[in-house]
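This is what each chain is made of:
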Amino acid sequence: MEQQRQALYDQAAAVLRGNDRGQWTIPAAGLYPHQWLWDSCFIAIGLRWLDVQRAKTELLHLLSGQWSNGMIPHMLFADGDEHRRDRELWRSYLSPFAPEHIYTSGLTQPPMLAEAVVGVGQKLSSSERRSWYQTVYPALVRYHQWLYGQRDPHGEGLIVAIHPYESGLDNSPPWIHELRQHSMPWWITIVQNLRLEGLVNLFRRDTHFVPPGQRMSNIEALAYFAALRRLRRKAYDTERILSRSLFAVEDLVFNCVAIRANQHLQGIAKTINRQLPDELLASFKKAQNALDALWDGGSGYYFSRNFVTHKLIREPTIGALMPLYAGTITNERAEELVGLMKAKGHFATNYPVPSVPLHSSYFNPFKYWQGPTWLNTNWLLIDGLRRYGFEADARLLADRSLEMVGKSGCYEYFHPLSGEPAGAAGFSWTAALTLDLLHHA
Ligand code: GLC
């Protein structure tokens, strides 16, 4: 047993070493050659066990891409001619807020940064920790000010995401649902009718590396691209984008991560004796109860919500369990969610936790965020379960996760019934979080 764990540890460490690009880590070779926001946060949480200085560097490099308005972009592009097309797709330079020294995307991702900063801090002496916090504090404050200042225009304590990429769960059912309802340009319907969508394969990178059945359809990929072009045309200016777009979602996972990050940021401020701006604290306070608006008592699920219509998007996903991670729900509600997590037909599988429940009409065990089990969402749930006192459930989920990676390798995602690997091989956050779970086991 010890030997197996050591072998898994070595394998995970080797994946991280292989994907290391000096100051940052790629998520996986080939498919993902740049730096991604929440990937690097999960990566730092694992890297801290191997080399805490390198974990700091990972996060500092991410911060080097911060925009002058406070946004931290979800991608920082690698240099090199071979990546010119990716950089040109996003054209961050169209925004006056984008940094000049580096090309980035124009969107953000679930704000895991404060969690990663604290995770790294835990591996430092108390004086080193204070100086680490002092270094990153101003950037973190500006990021959270941007999140609530720009992305919560109605002051409801819920942050709005303007592209599915921001949710981190790219093709999660509520986003695909909204896309079909509100965001299919006419020309895509023509492409579909003329059956020209096969041509899209010429431009897709993901389906060169991963079997097409595991990713979104060509029509969806085209529509995502069209949505991105609309944001680009408006230079990623939130106000201009929200003034017209119906494609805007108060995303569950995003907001649960943000709520937890708010708590961490408050802890960081306290440690270094800083006072967070009053306005920000007022937003944090609203955010604490904001999940109530996303609860649907009838089904016993939390849902994401359409920002404009304020209607819940009743497509169930793993997001329903994420309030456990946010940590602001009552113990009774937490217990209900644990029940849901273990309920047959919902989230109970051999290798939990599937990204959508088994009863969802979208459920497909190999398809990206529409069924497979991912290690990052498991990690978030394990953390939440522990804080609510469900230690045995947390341990079981950690053990099943490690068993799955042990048997299948550090893949991007896994079949939730058989544990078979899917997506990209040598995937960094799977490796990093495996290291972290091994340390807690
Ligand atoms: C996919 C995932 C996203 C991740 C990115 C890089 O787009 O949906 O969450 O950040 O890959 O790994």
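Scope of this entry: the structure provided in the associated data block. Numbers given for residues are sequential positions, taken from 1 along each chain in its written order. Confidence filtering applies because this is a predicted model: local features only for residues at pLDDT of at least 70, side-chain atom pairs given and counted only at 80 or more, and all residues used for totals across whole chains, interfaces and linings. Side-chain measures were taken over the full set of non-hydrogen atoms in the model, leaving aside hydrogen atoms and water.

### Observations regarding the overall build of the chain
Secondary structure elements are defined from DSSP: runs of H or I of at least 4 residues count as helices, runs of E of at least 2 residues count as strands, and each element is numbered from the N terminus. What the chain contains, in helices and strands, is 19 helices and 9 strands. Radius of gyration here uses only the C-alpha atoms, and the compact-globule reference equals 2.2 Å multiplied by the residue count raised to the power 0.38. Computed over the C-alpha atoms, the radius of gyration of the chain is 20 Å, within 12% of the 22 Å expected from 2.2 N^0.38 for a compact globule of 441 residues. Projected onto its principal axes, the C-alpha coordinates of the chain cover approximately 60 × 50 × 50 Å. The buried share among the 441 residues of the chain stands at 61%. Burial classification: accessible surface area is computed with a 1.4 Å probe over protein chains only, and a residue below 20% of its type maximum counts as buried, one above 50% as exposed, and the rest as partly exposed.

### So, the layout of surface pockets
Method remark: on a 1 Å grid restricted to protein atoms, a set of points is classed as a cavity if a 1.4 Å probe fits but cannot get out and as a pocket if it is open with protein on both sides within 12 Å along at least five of seven lines; lining residues have an atom within 4 Å of a point. Grid points are joined across faces, edges and corners, and a volume is the space filled by probe spheres set on the points. Quantified by volume, the largest pocket comes out at close to 1,200 Å³. Along its surface, the largest pocket is lined by 43 residues, and L89, Y165, F203, R205 and D206 are the ones closest to its centre. Taken together, the elements giving at least two residues each to the lining of the largest pocket come down to helix 2 (37-47), helix 4 (84-90), helix 9 (186-193), helix 10 (206-209) and helix 11 (218-233). The element that contributes the greatest number of residues to the lining of the largest pocket is helix 11, accounting for 5 residues. Looking at the lining of the largest pocket residue by residue, the classes come out as 28 nonpolar, 5 polar and 10 charged. Following the grouping adopted for this structure description, the nonpolar residues are Ala, Val, Leu, Ile, Met, Phe, Trp, Tyr, Cys and Pro, the charged ones are Asp, Glu, Lys and Arg, and the polar ones are all others, Gly among them.

### A few points about empty space enclosed by the protein
Space left empty within the atom packing is revealed by a probe, the size of a water molecule, rolled over the atoms. Taken as a whole and assessed by the stated rule, the structure comprises 2 cavities of 30 Å³ or more. Considering only enclosed or pocket space, the largest cavity measures out at about 50 Å³ in volume. In terms of lining residues, the largest cavity is bounded by S167, L169, S172, P174, D251, L252, V253, S304, T317 and G319. Split into classes, the residues belonging to the lining of the largest cavity amount to 4 nonpolar, 5 polar and 1 charged. Considering only enclosed or pocket space, the second largest cavity measures out at about 40 Å³ in volume. If you go around the second largest cavity, the residues you meet are P174, L252, Y302, F303, S304, I313, E315, P316 and T317. Of the residues belonging to the lining of the second largest cavity, the class tally is 6 nonpolar, 2 polar and 1 charged.

### Thoughts on a nonpolar patch on the surface
A grouping of W186, I190, L194, L196 and L199 is seen on the molecular surface, where their side chains present a nonpolar patch of about 550 Å² in accessible area. Structurally, L194 can be placed in the loop between helix 9 and helix 10. Residues forming no salt bridge and having over 30% relative accessible area are the ones grouped into patches, like charges within 9 Å of each other and nonpolar side chains (Val, Leu, Ile, Met, Phe, Trp, Tyr) within 5 Å. Here the Shrake-Rupley method, with its probe set to 1.4 Å, supplies the accessible areas, and only the displayed protein chains count as covering residues. In the sections that follow, a salt bridge refers to a side-chain nitrogen of Lys or Arg positioned within 4 Å of a carboxyl oxygen of Asp or Glu.

### Looking at the nonpolar core
In terms of nonpolar packing, the biggest core is built from 153 residues, with W38, L59, M112 and L321 touching the most fellow members. We call two residues contacting when some pair of their heavy atoms lies within 4.5 Å. With residues near it in sequence (within four places) discarded, L59 still touches S40, C41, A44, L113, A116, V117, V120 and W132. By convention a nonpolar core is built from buried Ala, Val, Leu, Ile, Met, Phe, Trp, Tyr and Cys residues, the set being connected through side-chain atoms within 4.5 Å.

### Here we look at the sheet that holds strand 7 (residues 312-313)
Strand order in the open sheet formed by 3 strands is 3-6-7, and the pairing between neighbours is antiparallel. Looking along the sheet, the strands with just one partner apiece sit at the ends: strand 3 (249-250) and strand 7. Relative to strand 7, strand 6 (residues 304-306) runs antiparallel, the two being bridged by 2 bridges. Its bridge partner lying in strand 7, R305 is registered against L312. Should DSSP find at least two bridges between two strands, the strands are regarded as paired.

### Some remarks on the packing of aromatic side chains
The geometry of an aromatic ring pair is captured by the separation of the ring centres together with the interplanar angle, meaning the angle of the planes. Think of it this way: a Phe, Tyr or Trp ring, Trp meaning its six-membered ring, pairs with another when their centres are within 6.5 Å, and the plane angle makes it stacked under 30 degrees, edge-to-face over 60, tilted otherwise. Applying the stated criterion to the full structure yields 23 aromatic pairs. Between Y143 and W146, the aromatic rings sit 6.5 Å apart at their centres with planes inclined by 10°, giving stacked as the arrangement. Within this pair, Y143 and its partner W146 are both found in helix 6 (residues 126-151), separated by 3 residues, close to a single helical turn. The burial state of Y143 is the same as that of W146; both residues are buried. Judged by centre distance (3.6 Å) and plane angle (5°), the ring pair of W369 and W374 falls under stacked. Chaining the aromatic ring pairs together yields one cluster made of Y32, W36, W38, F42, Y368, W369, W374, W379, Y413, F427 and W429. The rule is short: NZ of Lys or CZ of Arg within 6 Å of the ring centre and within 35 degrees of the ring normal puts a charge over the ring. Sitting over the ring of Y368, R215 keeps its end group 3.9 Å from the ring centre. Here the basic side chain of R333 rests over the ring of W295, its NZ or CZ set 3.7 Å away from the ring centre.

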